[in-house]
Amino acid sequence: MANIKKGDLVQVISGKSQARGGDRGKQGKVIEVLVDQERVVVQGVNYVTKHVRVGQTQRGSKTGGIETHEAPIHVSNVALVDPETKKPTRVGFRTETVTKDGVEKTVRVRYAKKSGKDL
């Protein structure tokens, strides 16, 4: 089970400060997790400009130009946000036994180390 998943609220913990034009301290939702590259794409963080070749759709409208979108950042540069304190926290795992329809099953659960709340 991964520490950070799609849809989690994370905070950038390294890089340039916001006063210097960076993203450190910003919080955002994880849009995509790139497991093989150990990177995540966070909403509203690490915007880059991309030049797209001008083309034409079937309807005749022009496409392309300069677009901005989020670029991936390394997993080690973000920390999960504690749902209770709204501050970055580490992730812990614990096993719990769940009984459903008379069948016991062990489940791994992620929890915030600062508050102990389930994620």
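Residues numbered from 1 in each chain as written. Predicted model: local features only at pLDDT ≥ 70, side-chain atom pairs only at ≥ 80, totals over all residues. Heavy atoms only, no water.

- The name given to the protein in an unreviewed UniProt entry is Large ribosomal subunit protein uL24, with Agromyces larvae as the source organism.
- In the Subunit (unreviewed entry) part of its UniProt record, the protein is described as follows: "Part of the 50S ribosomal subunit."
- Recorded in UniProt under Sequence similarities (unreviewed entry), the annotation for the protein is "Belongs to the universal ribosomal protein uL24 family." (UniProt positions renumbered as here; feature names shortened; annotations may be inferred.)

**Describing the pattern of salt bridges**
In step 1: Summed over all chains, the structure comprises 5 salt bridges.
In step 2: Note that D8 and R110 form a salt bridge whose closest N and O atoms lie 2.9 Å from each other. Residue D8 is located in the segment before β1 (9-12), and its partner R110 is located in strand β10 (residues 103-112); the two are separated by 102 residues in the primary sequence.
In step 3: Across the salt bridge formed by D23 and K26, the nearest N and O atoms sit 3.0 Å from each other. (Salt bridge = Lys/Arg side-chain N within 4 Å of Asp/Glu carboxyl O. Helix = DSSP H or I, 4+ residues; strand = E, 2+ residues; numbered from the N terminus.)

**A look at the nonpolar core**
In step 1: If you look at the biggest cluster of nonpolar residues, it comprises 11 residues: I4, V10, V12, V30, V40, V42, V45, I73, V78, L80 and V91.
In step 2: Of all the elements in the fold, those that place two or more residues in this core are β1, β3 (39-42) and β7 (78-81).
In step 3: The residues touching V45, leaving out its near neighbours within four places in the chain, are V12, D23, K26, E70, A71 and I73. (Core = buried A, V, L, I, M, F, W, Y, C linked by side-chain atoms within 4.5 Å. Buried < 20%, exposed > 50% of the residue type's maximum accessible area, 1.4 Å probe, protein only. Contact = heavy atoms within 4.5 Å.)

**Remarks on the UniProt feature "domain: Large ribosomal subunit protein uL24 C-terminal" (unreviewed entry) in the protein**
In step 1: Under the UniProt annotation, "domain: Large ribosomal subunit protein uL24 C-terminal" (unreviewed entry) lies at residues 45-118.
In step 2: The span residues 45-118 carries 0% helix and 64% strand; its end-to-end C-alpha distance comes to 25 Å.

**Some points on the sheet that holds β3**
In step 1: One open sheet accounts for 6 strands, arranged β6-β3-β2-β1-β7-β8; its pairing is antiparallel. A single partner strand is all that each edge strand has here, and the edge strands are β6 (73-74) and β8 (88-89). (Pairing = 2+ DSSP bridges.)

**A word on the packing of aromatic side chains**
What characterises a pair of aromatic rings is the spacing of the ring centres plus the angle enclosed by the ring planes.
In step 1: Taken as a whole and assessed by the stated rule, the structure comprises 0 aromatic pairs.
In step 2: The ring of F93 carries the charged tip of R108 above its face, separated from the ring centre by 4.5 Å. (Phe/Tyr/Trp six-rings, centres within 6.5 Å; stacked < 30°, edge-to-face > 60°. Lys NZ or Arg CZ within 6 Å of the ring centre and 35° of its normal.)

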